[in-house]
Number of protein chains: 2
Amino acid sequence: MAKRSHAHHQIQTSSPSESKRDILRSAQRVLAILELIARTPGGLTVRAVSKLLQLNISTCYHSLNTLLTAGYVERLPSGHYVLGPQIPYLNDAYLRTLTYDWPATDPQESWRAVARVPAHQPSLSQRLRPILHSLSERSQEPAYLAGWRYGEVELQAIVEPAHAERIPGIYIGYRGHAHAHALGKVLLAYSPPAFVEDYLARHTLIRLTQRTIVERTLLCEELHTIAHQGYSIDREELHADTACLAAPVRDAQGRVMAAIAISFRSDLLSRRGEWLTAQVLRAARQASAELRLSRPCEQC
Amino acid sequence: MAKRSHAHHQIQTSSPSESKRDILRSAQRVLAILELIARTPGGLTVRAVSKLLQLNISTCYHSLNTLLTAGYVERLPSGHYVLGPQIPYLNDAYLRTLTYDWPATDPQESWRAVARVPAHQPSLSQRLRPILHSLSERSQEPAYLAGWRYGEVELQAIVEPAHAERIPGIYIGYRGHAHAHALGKVLLAYSPPAFVEDYLARHTLIRLTQRTIVERTLLCEELHTIAHQGYSIDREELHADTACLAAPVRDAQGRVMAAIAISFRSDLLSRRGEWLTAQVLRAARQASAELRLSRPCEQC
DNA sequence: AGACAGTATTTCAAATAATGAAATTGCAAT
DNA sequence: ATTGCAATTTCATTATTTGAAATACTGTCT
């Protein structure tokens with residue numbers, strides 16, 4: 001663990017806060033710059049990056065050149081740097097890895113177990129997309145599919161109707177805040193208690209809106225309710241004005257390994273809540289049936 | 001331009017092939033590793049990266065640690081590294097930059113001109129998505145929207161029907177091979193000759209299938225035909241078995257600044273070609289009408 | 001059960017590449 | 001033309017990265 005025992009007479013690190021080991025610092029800086037640019041819609045000039053990250057302008061210049069040459073950023077004629085074409089290219093590759101069915105059986109196991117990449121089976125999201133599509137079509141709201149990935153809830157597919165507004169800040173590959181949305185809550189509700197324990201130990205229940213459940217005991221109660229009623233509701237817990245409904249999808253062995261949801265303006269909940277719930281439950285049942293059809297052969 | 005005049009007694013660069021200037025080499029290596037991992041579906045171990053890139057295993061170890069800490073890669077329990085959650089996060093940010101209408105008036109100008117980021121107007125793809133949606137719905141084939149970005153044709157929206165197969169290797173943000181697909185050809189066909197000249201000077205007409213147009217004169221003829229008939233056809237020029245139809249979208253000033261297309265199995269071309277063409281032309285006309293409605297106010 | 005084989009991780013001094021202050025260049029507005 | 005501001009370039013200094021080798025780890029085969 002790189003004890004750094006040999007007492008150099010030099011100052012250990014220029015900025016004492018970052019005492020990470022086994023990290024290439026210049027590379028880390030370059031990645032930090034990339035992230036900063038991603039956070040700034042209009043792009044940033046060399047100088048702006050230098051000021052914001054407290055780095056020498058020369059360093060930023062060289063870092064940006066490196067990113068530019070590799071296509072990770074692009075230089076507008078104004079001198080502003082924005083994200084470049086390499087980003088969607090990498091994302092395409094990332095989505096292709098979703099293409100492989102991950103085992104995701106018992107969440108606790110799958111989290112630690114090898115995510116052994118199976119052969120070129122159609123992915124879960126590919127198989128279930130027609131179901132999401134008709135759910136979205138009928139409800140005229142965006143439909144979502146989520147599953148487990150390394151112990152986190154990951155959004156794996158979105159199907160939007162013609163005039164849709166998906167929840168801002170949500171995208172395919174999004175993980176986290178499982179306590180604050182319907183998909184996460186329903187997946188947790190059907191997980192073994194030991195896994196929920198572990199999940200709660202690893203995460204803080206961050207408050208995102210007034211209604212986010214941030215009390216551990218309240219969340220556990222909520223999970224019990226969900227497991228009992230068979231679906232979950234997010235009443236503006238993730239995003240103000242938006243509500244979600246989610247229901248579990250079971251594999252051939254009956255284990256919950258994914259969830260289907262829709263999102264909609266929260267004021268629709270009182271008027272259309274029951275009907276929407278029925279639609280989501282129906283889609284989830286269809287999905288489970290689809291997975292029951294051709295079980296992935298265990299030993300071939 | 002870094003003349004490197006001072007004659008060091010050291011060897012200039014360890015690997016003589018990469019003689020890039022103003023580049024941070026360790027950062028460049030880290031980005032190269034990321035790209036390699038993106039190209040490898042099942043992921044790579046430290047050792048594999050080391051062998052493939054001819055780098056010391058220790059270097060790869062540290063580089064991967066850097067990427068891992070920043071979330072660009074993930075370590076499977078097997079020791080294989082795959083792309084991590086930071087990739088879709090950055091992609092989400094990239095797509096948001098598409099959200100801003102880029103000027104893209106005259107391709108040649110817009111390519112060099114400042115892509116001044118306007119206020120939070122709904123993006124082109126947002127405004128035209130309902131049109132793409134109904135095109136996809138009617139034709140039961142994937143629908144596409146493309147526009148100019150820094151002198152390149154960029155795919156900006158895809159709407160897929162329930163049972164769709166988009167062209168493999170195509171994704172939102174994809175640029176390039178404009179000579180080989182219907183969207184690119186139609187956009188080039190309506191560009192000023194000087195810009196086409198410039199485009200051809202900057203690109204090689206790479207052969208992607210047997211039918212790709214790789215002859216400069218043939219392509220120019222094709223562009224003339226397209227401009228005359230008002231739409232373009234890709235007959236397995238980008239991808240075998242797949243055909244595309246594209247038509248131009250005009251802004252309020254009547255300039256072609258985007259294109260709408262659909263893709264389908266090429267054997268449908270003879271049977272349904274005419275009907276599909278009519279659908280695409282109709283969608284493109286609707287799109288132009290939509291843009292005519294609320295012209296972006298020039299000085300507000 | 002034990003040894004083996006193949007990897008991953010750690011070590012540490014040498015060698016190199018990154019840094020940062022300052023000079024220079026480029027551009028746009030006056 | 002002149003000025004002012006920001007982007008590049010320079011180059012010596014210094015910290016960081018590298019790479020060979022030692023060590024720890026993991027799973028497999030006999």
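Residues numbered from 1 in each chain as written. Chains lettered and ligands numbered in written order. Predicted model: local features only at pLDDT ≥ 70, side-chain atom pairs only at ≥ 80, totals over all residues. Heavy atoms only, no water.

Visitor: Sorry, what's going on with the sheet that holds strand 7 (residues 256-265) of chain B here?
Guide: The strands making up a sheet associate through backbone hydrogen bonding, with each pair oriented either parallel or antiparallel. All names here are of chain B. Spatially, five strands are ordered 4-3-7-6-5 in an open sheet, and the strand pairing comes out antiparallel. Each edge of the open sheet is held by one strand with a lone partner, namely strand 4 (152-159) and strand 5 (232-235). Going across the sheet, the axis of each strand differs from the next one's by a mean of 25°, ignoring polarity. The sheet contact formed by strand 5 and strand 6 (residues 242-250) spans four bridges and is antiparallel. Paired with Arg235 across the strands is Ala243, a residue of strand 6. (Pairing = 2+ DSSP bridges. Helix = DSSP H or I, 4+ residues; strand = E, 2+ residues; numbered from the N terminus. Axes fitted to C-alpha atoms, helices over the stretch in contact; angles between N-to-C directions.)

Visitor: Would you explain the sheet that holds strand 5 (residues 232-235) of chain A in this entry?
Guide: Residue and element names in this part refer to chain A. Reading across from one edge, 4-3-7-6-5 is the order of the five strands in this open sheet, with antiparallel pairing throughout. Here the strands that pair on one side only, and so sit at the sheet edges, are strand 4 (152-159) and strand 5. Each strand of the sheet is rotated relative to its neighbour by a mean of 25°, with strand direction disregarded.

Visitor: Teacher, can you tell me more about the relation of the copies chain B and chain A here?
Guide: For the pair of chain copies, the relating transformation is a rotation about an axis with a translation along it. In screw terms, the move from chain B to chain A is a rotation of 180° and a rise of 0.0 Å along the axis, fitting with an RMSD of 0.1 Å. Such values leave the two copies arranged in the relation of a two-fold axis. Residue B:Ala27 of chain B places its C-alpha closer to the rotation axis than any other residue of that unit, at 2.1 Å. A share of 100% of interface residues in chain B that are also interface residues in chain A marks the association as one of identical surfaces. (Least-squares fit on C-alpha atoms with pLDDT ≥ 70 in both. Contact = heavy atoms within 4.5 Å.)

Visitor: What is the right way to look at the side chain of B:Glu74 in this model?
Guide: Examined against the element boundaries, B:Glu74 turns out to sit in strand 1 (residues 73-75). B:Glu74 gets classed as buried once you look at its relative accessible area, which sits at 11%. Of note is the side chain of B:Glu74, whose polar atom sits 2.5 Å from the side chain of A:Arg175. Beyond its immediate sequence surroundings of up to four residues, B:Glu74 is in contact with A:Arg149, A:Tyr150, A:Arg175, B:Leu68, B:His80, B:Tyr81, B:Val82, B:Leu83, B:Gly84 and B:Pro85. (Buried < 20%, exposed > 50% of the residue type's maximum accessible area, 1.4 Å probe, protein only. Polar contact = N/O pair within 3.5 Å; in protein donor to acceptor, adjacent residues only side chain to side chain.)

Visitor: Would you mind going over the confidence of the model for chain A with me for this structure?
Guide: Should pLDDT be low for a region, the predicted coordinates there are not to be read in detail. Residue and element names in this part refer to chain A. Taken residue by residue, chain A gives an average pLDDT of 84. The fraction at 70 or more is 83%. By mean pLDDT, helix 5 (residues 107-112) is the weakest element of chain A at 48, and strand 5 is the strongest at 97. Across residues 103-108, where pLDDT falls below 50, the model places 15 contacts with residues more than four positions away in sequence or in other chains. Across residues 295-300, where pLDDT falls below 50, the model places four contacts with residues more than four positions away in sequence or in other chains. (pLDDT = per-residue confidence, 0-100.)

Visitor: Before we go on, may I ask you to explain the environment of B:Ile167 in this structure?
Guide: Residue and element names in this part refer to chain B. By the secondary structure assignment, Ile167 is in the loop between strand 4 and helix 7 (182-189). Residue classification places Ile167 among the buried positions, given a relative accessible area of 6%. Every residue in contact with Ile167, bar those within four places of it in the chain, is listed here: Tyr144, Leu238, His239, Thr242, Cys244 and Ser263.

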